[in-house]
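Residue-level structure breakdown
Residues per chain are reported as follows:
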Amino acid sequence: MPQFVIEREIPGAGSLSEVQIREVSLRSLQSLKEIGPKIQWLHSYVTEDKVYCIYLAPDEDTIREHARRAGLPANRVAAVRSMLDPATIK
């Protein structure tokens, strides 16, 4: 299944409390449950004013539907074309 990187602009994201992060995460999980198994959240990176999420989904429309249902921004959605890490470079 295709992998996507979602850039969410959330001012002050890096300052959110654990309770606030949990609330946002639970909304996301509820939306995923509603849509069904065709979309999967792998993990996210929280920076000062953005959250970068890695998802598996069949297409960008499914990613955007999830964001809409969860009440989350999806400012940029990019399909991953390849993945690099130190072990893959020889």
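Just above sits the structure.
Summarised in this report is the structure supplied together with it. Predicted model, so just to flag it, every value in this text is computed and none were measured.

What follows covers the side chain of H66. Relative to the helices and strands, H66 resides in helix 2 (residues 60–70). A polar atom in the side chain of H66 sits 3.0 Å from the side chain of S28. Excluding its chain neighbours within four sequence positions, the residues that come into contact with H66 are R8, S28, S31, L32, I35, I39, Y55 and L72.

The relative placement of two packed helices comes down to the angle between their axes together with the axis-to-axis distance. Contact geometry of helix 1 (residues 18–35) with helix 2 gives a least axis separation of 8 Å together with a crossing angle of 125 degrees. Taken together, the axis directions place helix 1 and helix 2 in an arrangement best described as oblique. Along this stretch, helix 1 crosses helix 2, giving a crossing that reads as right-handed. Listed contacts from helix 2 to R27, S28, S31, L32, E34 and I35 of helix 1 are T62, E65, H66, R69 and A70. Tallied by class, the residues present in the contact of helix 1 with helix 2 amount to three nonpolar, four polar and four charged.

Okay, the pattern of salt bridges next. Taken as a whole and assessed by the stated rule, the structure comprises six salt bridges. When the shortest N-O distance is used, the salt bridge between E65 and R68 registers 2.7 Å. Remark: R68 and E65 occur in helix 2; sequence separation between them is three residues, near one turn of the helix. Assessed through its relative accessible area of 25%, E65 is described here as partly exposed. In this structure R68 comes out as exposed when scored by relative accessible area, which is 56%. R69 is paired through a salt bridge with E65; the nearest N and O atoms lie 2.6 Å apart. Pair noted here: R69 and E65 are both in helix 2, with a separation of four residues, about one helical turn. Exposure remark for R69: the relative accessible area of 39% places this residue in the partly exposed category.

We now examine the pairing of strand 1 (residues 3–9). Along any regular strand, the residues point their side chains to alternate faces of the sheet. Sheet topology places strand 1 next to strand 3 (residues 50–56); seven bridges connect them, and they run antiparallel. Within strand 3, the position partnered with E9 by the bridge is K50. Of the pairings in the sheet, the one linking strand 1 to strand 4 (residues 76–79) comprises four bridges and is antiparallel in character. Each residue of the ladder has a partner; that of F4, found in strand 4, is A79.

Rules used in this analysis
- Residues numbered from 1 in each chain as written.
- Predicted model: local features only at pLDDT ≥ 70, side-chain atom pairs only at ≥ 80, totals over all residues.
- Heavy atoms only, no water.
- Helix = DSSP H or I, 4+ residues; strand = E, 2+ residues; numbered from the N terminus.
- Polar contact = N/O pair within 3.5 Å; in protein donor to acceptor, adjacent residues only side chain to side chain.
- Contact = heavy atoms within 4.5 Å.
- Axes fitted to C-alpha atoms, helices over the stretch in contact; angles between N-to-C directions.
- Parallel < 35°, antiparallel > 145°, perpendicular 65-115°, else oblique.
- Left-handed = near helix turned anticlockwise from the far one by under 90°.
- Nonpolar A, V, L, I, M, F, W, Y, C, P; charged D, E, K, R; others polar.
- Salt bridge = Lys/Arg side-chain N within 4 Å of Asp/Glu carboxyl O.
- Buried < 20%, exposed > 50% of the residue type's maximum accessible area, 1.4 Å probe, protein only.
- Pairing = 2+ DSSP bridges.

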